[in-house]
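Now for the letters of each chain:
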Amino acid sequence: MIYNTNKRPFNKLRPVSFENVNINDDFWSKRQRINREISILHQYEKLEQDFHIDNFRVASGIKKGIQKGESYFDSDLYKWLEAASYILHTHKKPDLGKKVNEIVDLISNSQTKDGYINTFYSTRFLQKRFTNNYFMHEMYCAGHLIQAAIAHHNATRSNNLMNVAIKFADLLVKLFLDGKRKGIPGHEEIEMALIELYRITENSKYLCLAEEFINRRGNISNFKTYAINQYLDMISTLSIAEKKNKEYQKAVETPLDISAIESEVAEWVSKLTLKGQLFLLKENLNGNYIQSNVPVRDIIKPVGHAVRAMYLFCGMADLYSEKGDNELLHALRRVWLKMVKARMYLTGGIGSEKGTEGFQKDFALENEDSYSETCAAIGNMMWNLRMLQITSNCKYADLIESIMYNAMLVGQSIDGLEYTYDNPLVSNDKYKRSEWFRCACCPPNVARTVSSLGKYIYSTSEKGIWIHQYIGNNANIVLGSNTIKLSQKAGFPWKGDINIKLNLNKSQKFSIFLRIPRWSIETELKINGEQHYNGLTSGKYVEIIRNWLNNDSLDITFKMKAKFVKSDQRIKNNRGRVAISNGPLIYCLEQKDNQDLDIFTTIIKKEQDLNVKYQPELLGGVNIIIGKDSSGKNFTAIPYYAWSNRGADKMQIWHLAD
């Protein structure tokens, strides 16, 4: 099977895949090493313990039983498989490879004759499949299966899982294309997966189905009735599933296990306040929750569940990349601007409403209620990468950097063993990280992001090479008939010094586009030791066009300065408060580092120079920031991503100030 990857005809930039980029800096290479040596294996153990893998043993007939856990459990295993495949693409790990092969075989043997896979339905009531696309996550699971299959094929050149994914995608086309079955996927994911599958198989039906799913949003007649009926069907389906579980357990005399625990959905709703439950009900009935309130080309503001929204916008961006529908691009630009200006936290986190795990109205960004789900941050990075490649606009690369170092990175502990699902901007001493969650979407999502991080660093165009992120690496970049070996040494996020060196077999005239981060106070650029002064504007790309020679080098210094950040005054809770930043990092005060003061009541002096000091033994090695409060006492701030790594503690980002 030969795959074609030369798609995205309407993009200004072309991606450089992560496997062509070997990250080797002190900061991110350490994260990747922990990810492949510790996190991925620890997650496998948790997936085994919580029946995610066992469910496929049951579905494949290897083991007697019934599916255990939530209806979306399959997706967490698929995300893990995608992450593991990325690791295997760049590193030889026989033990991991053996686990991956076992899981691929289980998935393949679980597929029905017509291509269907979903252990929740296939082990209980196959006849009920696709009767509840709103709530039951079949399409979401299918999307993650397709993405895992693509990653697995690219890593191993095996078609085993690709054949499974294609057969399932063909079933979806047969059942849903051209309006054969009504409804929309309740949790977006399948849209971008189908387009990815189209790009490598050139089967246009996958693109057509993705487009149809996207176009159905906001166009379902009598939506309230539809939503209520789907909700009632979900309750009925879960009730039948529970009954079948009990019948099976009684028949084989098994003890109570996870299948008898209250469902995550029911438990989640029960913990909400009455106001939160009413808001969740309202958002489901008006279509906001699943982004079906208006047709996609009429979208102005981000609404509903934040992860769902990000995946929808990814799908819309992918659809634009293939078809050039300017109405889609205009909508994406509008909703991005609204999100950034009024519905996003300083960290790049999104989702200020716990009841929907999603967006609230403009400037309703309360720090205690910051949901900022880790998966939403990852989805935001994915969307911004697409927007960057479509437009070549620097603002998208700047936001990727901010999310990457703050809202995404906070989601995993420094030792790679614990995670956060939601990420508040202020916390009492009861909040702590967890090894796992019943809804385990975030851990494998972090794993697949960290293992493929290289894809965020470079792009190419007809003019040349674009450098988006400053992460130490060695890269092989094809430009015309030449393969350029580019090495980058970077001290990020602690220092703003960058060295880039080119290795060319032959000289070549092209442009290098360097991102000048918006936070850079002053930028200095030298080419082969000579000063370069043109176009060094923060928040822009500088284009350097010349005939490049072997061993040409660029030295860049982005001046970092620890500084106070003022909030938009329309955010009520932040009036009179400041946050602290240094380069791409947002900082917080954790009580553990400030024993002589109460971080919640201390008042910080705004007019002062902050001192930055590197502490190699603290939290894996970090820059701390030291300043004074109004009484003259010293305070110490640490990077936000590093908080809650020493046990539960008080923390906040926005501080009282005078």
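How each quantity is defined
- Residues numbered from 1 in each chain as written.
- Predicted model: local features only at pLDDT ≥ 70, side-chain atom pairs only at ≥ 80, totals over all residues.
- Heavy atoms only, no water.
- Helix = DSSP H or I, 4+ residues; strand = E, 2+ residues; numbered from the N terminus.
- Rg over C-alpha atoms; globule rule 2.2 N^0.38 Å.
- Buried < 20%, exposed > 50% of the residue type's maximum accessible area, 1.4 Å probe, protein only.
- Contact = heavy atoms within 4.5 Å.
- Areas by Shrake-Rupley, 256 points an atom, 1.4 Å probe, with all protein chains shown as cover.
- Lys, Arg positive; Asp, Glu negative; His and termini not counted.
- Charge placed at Lys NZ, Arg CZ, Asp CG, Glu CD.
- Patch = residues over 30% accessible without salt bridge, like charges linked within 9 Å, V, L, I, M, F, W, Y side chains within 5 Å.
- Salt bridge = Lys/Arg side-chain N within 4 Å of Asp/Glu carboxyl O.
- Pairing = 2+ DSSP bridges.
- Axes fitted to C-alpha atoms, helices over the stretch in contact; angles between N-to-C directions.
- Expected span 1.5 Å × (residues − 1).
- Bend = angle between axes of the 7 residues up to and from the residue.
- Polar contact = N/O pair within 3.5 Å; in protein donor to acceptor, adjacent residues only side chain to side chain.

(A) Summary view of the overall build of the chain. Along the backbone of the chain there are 17 helices and 21 strands. Taking 2.2 N^0.38 as the reference for a compact globule, 658 residues should give roughly 26 Å; the C-alpha atoms of the chain span a radius of gyration of 25 Å, in line with that estimate. Projecting the C-alpha coordinates of the chain onto the three principal axes gives extents of approximately 75 × 65 × 50 Å. Among the 658 residues that make up the chain, the fraction classed as buried is 61%. Within the chain, contacts between residues at least 6 apart in sequence are counted, and of these 71% link residues at least 24 apart. Accessible surface, the chain: about 26100 Å² in total, of which carbon and sulfur atoms supply 48%. On the chain, the mean spot of the 87 positive side-chain charges and the mean spot of the 73 negative ones are 3 Å from each other.

(B) Examining a nonpolar patch on the surface more closely. Side chains of Ile228, Tyr231, Leu232 and Ile235 sit close together on the surface and give an oily, nonpolar patch of about 370 Å² of accessible area. Among the secondary structure elements, leucine 232 is positioned in helix H10 (residues 223-252).

(C) Structural context of the sheet that holds strand E8 (residues 497-503). Taking strand neighbours across the sheet as the criterion, the seven strands line up as E2-E6-E7-E8-E13-E10-E11 in an open arrangement whose pairing is antiparallel. With one partner strand each, in any of the chains shown, strand E2 (21-23) and strand E11 (530-532) form the two edges of the open sheet. Averaged over neighbouring strand pairs, the angle between their axes works out to 20° when direction is ignored. Bridge count for E2 against strand E6 (residues 473-479) is three bridges, and the pairing is antiparallel. Looking at E6, one finds that asparagine 22 is bridged to asparagine 474.

(D) Highlighting the pattern of salt bridges. Inspection of the entire model under this criterion finds 29 salt bridges. Across the pair arginine 129 and aspartate 114 runs a salt bridge whose closest N-O atoms are separated by 2.6 Å. Of this pair, arginine 129 sits in the loop between helix H5 (119-122) and helix H6 (138-156) while aspartate 114 sits in the loop between helix H4 (94-110) and H5, and the two are 15 residues apart along the sequence. On the basis of relative accessibility, which here comes to 35%, the residue aspartate 114 falls in the partly exposed class. As a salt-bridge pair, arginine 386 and aspartate 318 come within 3.0 Å of each other at their nearest N and O atoms. One end of the pair, arginine 386, is in helix H15 (residues 374-391); the other, aspartate 318, is in helix H13 (residues 306-323), with 68 residues separating them in the sequence. What emerges from the salt-bridge pattern is a single network uniting Glu48, Asp54, Arg57, Lys63 and Glu102.

(E) Highlighting the sheet that holds strand E12 (residues 540-548). Judged by pairing direction, the sheet is mixed, and its five strands sit side by side in the order E1-E4-E5-E9-E12 without closing on themselves. The open sheet has two edge strands, strand E1 (14-15) and E12, and neither has a second partner. Sheet analysis places strand E5 (residues 464-467) next to strand E9 (residues 508-516), joined by four bridges and oriented parallel. Bridged to glycine 464 within E9 is serine 511. Set on the sheet, helix H16 (residues 394-408) makes contact with E9 and E12; between it and E9 the angle comes to about 55°.

(F) Structural detail: H16. Between its terminal C-alpha atoms H16 stretches 20 Å, which fits the 21 Å expected from 15 residues at 1.5 Å a residue. Along H16, the helix axis deviates most sharply at serine 402, where the bend reaches about 25°. Counting buried residues in H16 gives 14 out of 15 residues, a clear majority hidden from the surface. A side-chain oxygen of the first residue of H16 lies 3.0 Å from the backbone nitrogen of lysine 395; this N-cap is asparagine 393.

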